[in-house]
Amino acid sequence: MGVLDGKVAIVTGAGSGIGAEIAHELARQGASVLVAASRAESAAGTTQSIRDAGGQVESAFGDLADPATAQVLVDAAVAAFGGVDILINNAAVTDAATLAKDANIADMDAATWERTLRVNTIAPALLCKAAIPHMIARGGGSIVMVASGRGVQGDLGMPAYGASKAALINLALNVATQYGKQGIRANSVVVGMVMTPPLAASISPEMIELFTAHHLTPYVADPQDIAGPVAFLASDTARFITGATVAVDGGMTSHAAPFADVMKLSSAGMLKQD
């Protein structure tokens, strides 16, 4: 038996990467999963692999920048499985064209801000709106926001992405506060660098070494490192955890900025000893 037996879950951005692994993990734990992706072909790949593994799964797709898509996804889950117990708001703008424009604030146009916020923040809010009544009807539910270290720190790029993820964290706090007495839990996971196949294929060894140096763990994450904690928060095992922001980032957001440089000096014997 899995910890999610009998539960119905929606996972957005489940066509690949972190979202696909979360969908697989929820299915392994016994949930019936609606795989939500931006395109039919993306949803189909994850759906088929879960089905081949014996999981209960259906798919739906649509552009989350369209406000109507949220209700379409929730309706699809209800039609397929009879309700909704778990919502994983994982989808985010990651297309190269938008990310290239999400750079220097003084140079950014309104369209970049608007698309990023529509997909990363407004769509999750509308998904909560559509899913919460179904969760309450079934006695409660769990909502997990997949946020980012960029939402709790400043950086040299991607300010729209970072602002949208900060808003997502606050959205979880408000959902937890407003609907907790009706059995709804809402939490966020703060994710850092995750070695998805596309990233692993494109990033240089030097960049991996740089990021690894700033982790407190001796390695960076793979998608399963995120999927496991998300499945835990979705489950009744975490029934007393709500309104929490959980860093699932190998310690990236937990330490002082010079950490990696100090470690390098220490290993080289260059720190003054008293």
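Throughout what follows, the structure given in this document is the object of discussion. Model, not experiment: these values are computed from the prediction.

1. Thoughts on the side chain of His215
Turning to step 1, where the next piece is worked out: The topology assignment puts His215 in the loop between helix H8 (205-214) and helix H9 (223-234).
Turning to step 2, where the next piece is worked out: When its relative accessible area of 4% is taken as the criterion, His215 is described as buried.
Turning to step 3, where the next piece is worked out: Of the polar contacts made by the side chain of His215, one reaches the backbone oxygen of Phe211; its length is 2.6 Å.
Turning to step 4, where the next piece is worked out: Excluding residues that lie within four positions of it along the chain, His215 makes contacts with Met193, Val220, Asp249, Gly250, Met252 and Phe259.

2. A word on the nonpolar core
Turning to step 1, where the next piece is worked out: Within the largest apolar cluster, 32 residues are counted, with the highest numbers of intra-cluster contacts made by Ile22, Leu26 and Ile88.
Turning to step 2, where the next piece is worked out: Elements with a minimum of two residues in this core: strand S1 (8-11), helix H1 (17-28), strand S2 (32-37), helix H2 (40-52), strand S4 (86-89), strand S5 (141-148), strand S6 (184-191) and H9.
Turning to step 3, where the next piece is worked out: By residue number, the principal contributor to this core is H9, which donates six residues.
Turning to step 4, where the next piece is worked out: Sequence-distant contacts of Leu26, that is, excluding residues within four places in its chain, are made with Leu4, Ala9, Val11, Ala31, Val33, Ile88, Ala231 and Ala234.
Turning to step 5, where the next piece is worked out: Val93, Leu168, Leu171 and Ala186 belong to the second-largest nonpolar core, a separate cluster that totals 31 residues.

3. Quick notes on the sheet that holds S4
Turning to step 1, where the next piece is worked out: Spatially, the seven strands line up as an open sheet ordered S3-S2-S1-S4-S5-S6-S7, and their pairing is parallel. Two strands close off the open sheet at either side, each with one partner strand: strand S3 (57-61) and strand S7 (245-248). Strand after strand, the sheet turns through a mean of 20° between neighbouring axes, direction not considered.
Turning to step 2, where the next piece is worked out: Sheet strands in contact with H1 are S1, S2, S4, S5 and S6, and its direction is about 170° off that of S1.
Turning to step 3, where the next piece is worked out: Of the strands in this sheet, S2 and S3 are in contact with H2, which crosses S3 at around 175°.

4. Describing the pairing of S4
On any regular strand, side chains alternate: one points to one face of the sheet, the next to the other face.
Turning to step 1, where the next piece is worked out: Judged by which residues are buried, S4 turns out to be covered on both faces: Ile86 and Ile88 on one side and Leu87 and Asn89 on the other are all buried.
Turning to step 2, where the next piece is worked out: Direction of pairing for S1 relative to S4: parallel, over a ladder of three bridges. Opposite Ile10, over in S4, you have Leu87 as the bridge partner.
Turning to step 3, where the next piece is worked out: Direction of pairing for S4 relative to S5: parallel, over a ladder of four bridges. Bridged to Leu87 within S5 is Ile143.

5. Let's talk about the packing of helix H3 (residues 69-81) against helix H5 (residues 110-137)
Turning to step 1, where the next piece is worked out: Between H3 and H5, the shortest axis-to-axis distance is 8 Å and the interhelical angle comes to 35°. Viewed along their axes, H3 and H5 form a crossing whose handedness is right-handed. Here Ala70, Gln71, Leu73, Val74 and Val78 of H3 lie close against H5, whose contacting residues are Ala123, Leu126, Leu127, Ala130, Ala131 and His134.
Turning to step 2, where the next piece is worked out: For the contact of H3 with H5, the residue count by class is nine nonpolar, two polar and no charged.

6. Observations concerning the environment of Ala147
Turning to step 1, where the next piece is worked out: The residue Ala147 is located in strand S5 in this model.
Turning to step 2, where the next piece is worked out: For the pair Ala147 and Thr46, spaced 101 residues apart in sequence, the C-alpha to C-alpha distance is 22 Å.
Turning to step 3, where the next piece is worked out: Aside from chain neighbours lying at most four places away, what touches Ala147 is Lys165, Leu168, Ile169, Val189, Val190 and Val191.

7. Some points on the environment of Tyr179
Turning to step 1, where the next piece is worked out: Inspection of the secondary structure puts Tyr179 in helix H6 (residues 159-179).
Turning to step 2, where the next piece is worked out: Expressed as a C-alpha distance, the spacing of Tyr179 and Ile136, which sit 43 residues apart in the sequence, is 8.8 Å.
Turning to step 3, where the next piece is worked out: Excluding anything up to four places from it in sequence, Tyr179 contacts Ile132, Ile136 and Ile184.

8. Looking at the pattern of salt bridges
Turning to step 1, where the next piece is worked out: This model, assessed by the stated rule, comprises nine salt bridges.
Turning to step 2, where the next piece is worked out: Here Arg39 and Glu41 are joined by a salt bridge, their closest N and O atoms 3.5 Å apart.
Turning to step 3, where the next piece is worked out: Accessibility expressed as a relative area gives 56% for Glu41, which makes it exposed.
Turning to step 4, where the next piece is worked out: Between Arg51 and Glu58 there is a salt bridge; the shortest N-O distance is 3.8 Å.
Turning to step 5, where the next piece is worked out: Classification of Glu58 by relative accessible area gives partly exposed; the value is 37%.
Turning to step 6, where the next piece is worked out: When salt bridges that share partners are traced, they join Glu21, Glu25 and Arg28 into one network.

9. As for the pairing of S3
Turning to step 1, where the next piece is worked out: Here five bridges tie S2 to S3, and the two strands are oriented parallel to one another. Within S3, the position partnered with Ala37 by the bridge is Phe61.
Turning to step 2, where the next piece is worked out: One crossover worth recording links S2 to the parallel S3 by way of H2, and it is right-handed.

10. Some points on unusual backbone geometry
Turning to step 1, where the next piece is worked out: The phi torsion at Met158 lies on the positive side, around 55°, for a residue other than glycine.
Turning to step 2, where the next piece is worked out: Looking at where Met158 falls in the secondary structure, it is placed in the loop between S5 and H6.

Reading guide: rules and limits
- Residues numbered from 1 in each chain as written.
- Predicted model: local features only at pLDDT ≥ 70, side-chain atom pairs only at ≥ 80, totals over all residues.
- Heavy atoms only, no water.
- Helix = DSSP H or I, 4+ residues; strand = E, 2+ residues; numbered from the N terminus.
- Buried < 20%, exposed > 50% of the residue type's maximum accessible area, 1.4 Å probe, protein only.
- Polar contact = N/O pair within 3.5 Å; in protein donor to acceptor, adjacent residues only side chain to side chain.
- Contact = heavy atoms within 4.5 Å.
- Core = buried A, V, L, I, M, F, W, Y, C linked by side-chain atoms within 4.5 Å.
- Pairing = 2+ DSSP bridges.
- Axes fitted to C-alpha atoms, helices over the stretch in contact; angles between N-to-C directions.
- Left-handed = near helix turned anticlockwise from the far one by under 90°.
- Nonpolar A, V, L, I, M, F, W, Y, C, P; charged D, E, K, R; others polar.
- Salt bridge = Lys/Arg side-chain N within 4 Å of Asp/Glu carboxyl O.
- Right-handed = clockwise from strand over helix to strand, strands pointing away.

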